[in-house]
Amino acid sequence: MKYRTIGTTPEHRREVSVLALGAMLFGSRTDEETSFAILDRYVEAGGNFIDTSDNYAFWEDGGQGGQSEELLGRWRRSRGIGDEIFIATKLGARPLAPGTGYIDNPEGLSAKVIRESAERSRERLGVDRLDLLYAHIDDPTVPQRETVEGFAELVAEGTVGLLGVSNQAIWRVERARTIAAAAGLPGYEVLQYAHSHLRPRLDVPDAMFPDGSLGHAGPELLGYLRAEPALTLVAYSPLLKGAYTDPDRLPADFDHPGTPPRLAVLHEVARETGATVNQVVLAWQSGGELPIIPLAGASSVAQLEENLAGIDLELTADQRARLDSAN
């Protein structure tokens, strides 16, 4: 396993594995026995960075989520897991009532919600401190200063370590970080956005982003990473939910002229290395110039083994250049 440092302050800086394990469906679609087996193998391989959220997986049963955090809490207790495993969770997108969702009825990012949701996550996970806490989605109904101060209070109290943000416009992220810096408060240091080798159209609107996607790591976010070396990108959906092995699963916003040439070079490098396309994607992402940590889920130990081998794959400078430049 390879590792990367996230965070800037000595008390919160951590070395985490460059492959983060997504626990979204653990305890719901992925049963407990399988989830425990995946978690055990991940830790055995040197993995120490697990990702969840307080709303996972509300859509599976029409509830409010919490199954993933609860399973991780049971796993931690059964295995005697302590601070050696770094667990990130998120708040802000938990439905306020069963049968609703984060589009129509999210918990939001008020100071009250931040405190209460973080406390519930700590209880479910069975931890005294949340290693990394994200603002899962934006909440334009709450002043950003209130959100910044709400997160900072938890860091000051020692119940949260690092802070992160996901699915927000970069200008909103920068504004929140500026507010925090001006007040001498901790700000967002980890950004979690969708990112893969294939590039989606960013102008396609949806219910959450009516002006086009803010949830993908586009050129503005990648440029932001170059300008702010203290930041880290945790890249969710790096394998496009199985689309590299089943093209029928490729989302509609990837259907454009730039996709075929990037797919072609992926398959070319896969043939040269004897690796799978998924492994090439993970190797390209985790070993590049920018500080990117792929966040990949797994529904079986076999899927996890494929992902672990991708992290170990070493690409040549020529292969990396071809992957970078394909259009």
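Details of the structure are given in the entry above.
Draft legend 1. Region of the structure containing the overall build of the protein. Scanning the protein from N- to C-terminus turns up 11 helices and 10 strands. Taking 327 residues into account, the globule formula puts the C-alpha radius of gyration at 20 Å, and the protein, at 19 Å, falls close to it. Reported as C-alpha extents along the three principal axes, the dimensions of the protein are approximately 55 × 45 × 45 Å. Looking at the protein as a whole, 53% of its 327 residues qualify as buried. Of the contacts formed within the protein by residues at least 6 apart in sequence, a portion of 75% connects residues at least 24 apart. When the accessible surface of the protein is totalled, it reaches about 13800 Å², and 52% of it is carbon and sulfur.

Draft legend 2. Highlighting the side chain of Thr159. With respect to the helices and strands, Thr159 occurs in the loop between helix 5 (144-157) and strand 7 (160-166). When near neighbours in sequence (up to four residues on either side) are disregarded, Thr159 contacts Arg122, Asp128, Arg129, Leu130 and Leu154.

Draft legend 3. Highlighting the nonpolar core. By size, the foremost hydrophobic cluster in this structure holds 88 residues, and its most contacted members are Phe49, Ile50, Phe151 and Leu191. Element by element, the count of residues in this core is highest for helix 9 (residues 277-286), at 6 residues. Those residues in contact with Leu191 that lie beyond four places of it in its chain are Val165, Val173, Leu221, Tyr224, Leu225, Leu231, Thr232, Leu233 and Val234.

Draft legend 4. The arrangement of the packing of aromatic side chains in detail. The full count for this structure, using the stated rule, is 5 aromatic pairs. Note on Phe49 and Phe86: the rings are 5.3 Å apart at their centroids and 85° apart in plane angle, and the pair reads as edge-to-face. One end of the pair, Phe49, is in strand 4 (residues 49-51); the other, Phe86, is in strand 5 (residues 86-91), with 37 residues separating them in the sequence. The same class applies to Phe49 as to Phe86, namely buried.

Draft legend 5. Highlighting the sheet that holds strand 7. Spatial ordering of the closed barrel is given by 3-4-5-6-7-8-9-10, a layout of 8 strands whose pairing is parallel. Each neighbouring strand pair of the sheet contributes to a mean axis angle of 30°, computed without reference to strand direction. The pairing of strand 8 (residues 190-194) with strand 9 (residues 232-236) spans 5 bridges and is classified as parallel. Each residue of the ladder has a partner; that of Ala194, found in strand 9, is Tyr236.

Draft legend 6. Highlighting the environment of Ile6. On the secondary structure map, Ile6 appears in strand 1 (residues 3-6). Sequence-wise, Ile6 and Pro210 are 204 residues apart; in three dimensions their C-alpha atoms are separated by 32 Å.

Draft legend 7. Structural view of the packing of helix 6 (residues 170-182) against helix 7 (residues 219-227). The contact between helix 6 and helix 7 brings their axes to 10 Å, and the two run at 30°. Contacts from Ile170, Val173, Glu174 and Arg177 in helix 6 reach Glu220, Leu221 and Tyr224 in helix 7. Grouping the constituent residues of the contact of helix 6 with helix 7 by class yields 4 nonpolar, no polar and 3 charged.

Draft legend 8. Focus on the pattern of salt bridges. Overall, the coordinates contain 20 salt bridges when judged by the stated rule. Notably, a salt bridge pairs Glu305 with Arg41, separated by 2.6 Å at the nearest N-O pair. A residue pair is termed long-range when its members are at least 10 positions apart, and Glu305 in helix 10 (residues 301-312) and Arg41 in helix 1 (residues 32-44) qualify at 264 residues. Connected through salt bridges with shared partners, the residues Glu268, Glu272, Asp318 and Arg322 form a single ionic network.

Draft legend 9. Geometry of helix 4 (residues 111-125). Taking 1.5 Å as the rise per residue, helix 4 with 15 residues should run 21 Å; its terminal C-alpha atoms sit 21 Å apart, in good agreement. Those residues of helix 4 lying buried are Val113, Ile114, Ser117, Ala118, Ser121, Arg122, Arg124 and Leu125. One side of helix 4 holds all its buried residues, which, seen down the axis, span an arc of 160°. With respect to the buried face of helix 4, the exposed residues turned more than 90 degrees away are Lys112 and Glu123. At the C-terminal side of helix 4, Gly126 shows a positive phi close to 75°.

The rules behind each value
Residues numbered from 1 in each chain as written. Predicted model: local features only at pLDDT ≥ 70, side-chain atom pairs only at ≥ 80, totals over all residues. Heavy atoms only, no water. Helix = DSSP H or I, 4+ residues; strand = E, 2+ residues; numbered from the N terminus. Rg over C-alpha atoms; globule rule 2.2 N^0.38 Å. Buried < 20%, exposed > 50% of the residue type's maximum accessible area, 1.4 Å probe, protein only. Contact = heavy atoms within 4.5 Å. Areas by Shrake-Rupley, 256 points an atom, 1.4 Å probe, with all protein chains shown as cover. Core = buried A, V, L, I, M, F, W, Y, C linked by side-chain atoms within 4.5 Å. Phe/Tyr/Trp six-rings, centres within 6.5 Å; stacked < 30°, edge-to-face > 60°. Pairing = 2+ DSSP bridges. Axes fitted to C-alpha atoms, helices over the stretch in contact; angles between N-to-C directions. Nonpolar A, V, L, I, M, F, W, Y, C, P; charged D, E, K, R; others polar. Salt bridge = Lys/Arg side-chain N within 4 Å of Asp/Glu carboxyl O. Expected span 1.5 Å × (residues − 1). Arc of directions from axis to C-beta.

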